[in-house]
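One-letter residues, chain by chain:
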Amino acid sequence: QVQLVESGGGLVQAGGSLRLSCAASIRTFSSYFVSWFRQTPGNEREFVAGINWSGSRTYATDSVKGRFTISRDNAKNTVYLQMNSLKSEDAAVYYCAASGANLQGDYARYRNYASWGQGTQVTGSS
């Protein structure tokens, strides 16, 4: 299990942008499949985007395709979520999750992730 720390959340106006970061505690983070999930009060945790160890495979839920981009810099042990054209529906607590498995078809299942960050809040203004 790897320790994950998210950052980059905050208050943003609709149409604005944020970049979330997920920093890992260990160098071997480069071998992990990493995803972002989000959760709002009263709802289940929702898959947002995922990326494999090399960045050659990325996934995103339909509601964020074309707006959010997941990427990683393994030299920095960090995964990013660039969020553009934000909508009010994007407001949530965003969590970074990591799996040591080579996730392909099951990347959206939160139970497949052994490591989770504490979450970072993205709040819509106005």
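All values derive from a computational prediction rather than experimental measurement. (Residues numbered from 1 in each chain as written. Predicted model: local features only at pLDDT ≥ 70, side-chain atom pairs only at ≥ 80, totals over all residues. Heavy atoms only, no water.)

Draft legend 1. The arrangement of the overall build of the protein in detail. A count of helices and strands for the protein gives 0 helices and 11 strands. Starting at the N terminus and ending at the C terminus, the protein contains elements arranged as β-β-β-β-β-β-β-β-β-β-β. Here the C-alpha radius of gyration of the protein, 13 Å, is about what a compact globule of 126 residues would show, namely 14 Å. Looking at the protein residue by residue over its 126 residues, the buried ones come to 41%. If you take every contact in the protein between residues at least 6 apart in sequence, the share linking residues at least 24 apart comes to 58%. Of the roughly 6,400 Å² that the protein leaves accessible, carbon and sulfur atoms contribute 45%. (Helix = DSSP H or I, 4+ residues; strand = E, 2+ residues; numbered from the N terminus. Rg over C-alpha atoms; globule rule 2.2 N^0.38 Å. Buried < 20%, exposed > 50% of the residue type's maximum accessible area, 1.4 Å probe, protein only. Contact = heavy atoms within 4.5 Å. Areas by Shrake-Rupley, 256 points an atom, 1.4 Å probe, with all protein chains shown as cover.)

Draft legend 2. Summary view of the packing of aromatic side chains. The final tally for this structure, using the stated rule, is 9 aromatic pairs. With centroids separated by 6.2 Å and ring planes inclined at 35°, the aromatic side chains of Phe33 and Tyr59 adopt a geometry described as tilted. Of this pair, Phe33 sits in strand β4 (residues 33-39) while Tyr59 sits in strand β6 (residues 58-60); the two residues are 26 residues apart in sequence, bridging distant segments of the chain. The exposure classification of Phe33 matches that of Tyr59, with both residues buried. Among the aromatic side chains, those forming a connected cluster through ring pairs are Phe33, Phe37, Phe47, Tyr59, Tyr95, Tyr107, Tyr113 and Trp116. (Phe/Tyr/Trp six-rings, centres within 6.5 Å; stacked < 30°, edge-to-face > 60°.)

Draft legend 3. Broad picture of the pattern of salt bridges. Summed over the entire model, instances satisfying the criterion amount to 4 salt bridges. The closest approach of N and O atoms between Lys65 and Asp62, which form a salt bridge, is 3.2 Å. Each of the two residues, Lys65 as well as Asp62, counts as exposed. Two residues, Asp90 and Arg67, come together in a salt bridge whose shortest N-O distance is 2.7 Å. Here the residue Asp90 occupies a position in the loop between β8 (78-83) and β9 (92-99), and Arg67 occupies one in the loop between β6 and β7 (68-73), the gap between them amounting to 23 residues. Residue Asp90 is classed as buried on the basis of its relative accessible area of 2%. (Salt bridge = Lys/Arg side-chain N within 4 Å of Asp/Glu carboxyl O.)

Draft legend 4. Structural view of the sheet that holds strand β3 (residues 18-24). With respect to topology, 4 strands assemble into an open sheet ordered β1-β3-β8-β7, the strand pairing being antiparallel. Since the sheet does not close on itself, it has two edges, and those belong to β1 (4-7) and β7, each with one partner. Going from strand to strand, the sheet's axes swing by 15° on average, the running direction of each strand aside. Of the strand pairs in this sheet, β3 and β8 are connected by 6 bridges, and their pairing is antiparallel. Residue pairing in the sheet places Ala23 in a bridge with Thr78 of β8. (Pairing = 2+ DSSP bridges. Axes fitted to C-alpha atoms, helices over the stretch in contact; angles between N-to-C directions.)

Draft legend 5. Main features of the side chain of Asn77. Assignment of secondary structure puts Asn77 in the loop between β7 and β8. Of the residues examined, Asn77 reaches a relative accessible area of 11% and is grouped as buried. If we ignore the near neighbours within four places in the chain, the residues touching Asn77 are Cys22, Ala23, Ala24, Ile26, Arg27 and Phe29.

Draft legend 6. Main features of the nonpolar core. If you look at the biggest cluster of nonpolar residues, it comprises 26 residues, and the most contacted ones within it are Phe29, Trp36, Leu81 and Tyr94. Not counting residues up to four positions away in its chain, the partners in contact with Leu81 are Leu18, Arg19, Leu20, Trp36, Val48, Ala49, Phe68, Thr69, Ile70 and Tyr94. Core analysis: the next-biggest nonpolar cluster, separate from the first, contains 7 residues, Phe47, Ala97, Leu103 and Tyr113 among them. (Core = buried A, V, L, I, M, F, W, Y, C linked by side-chain atoms within 4.5 Å.)

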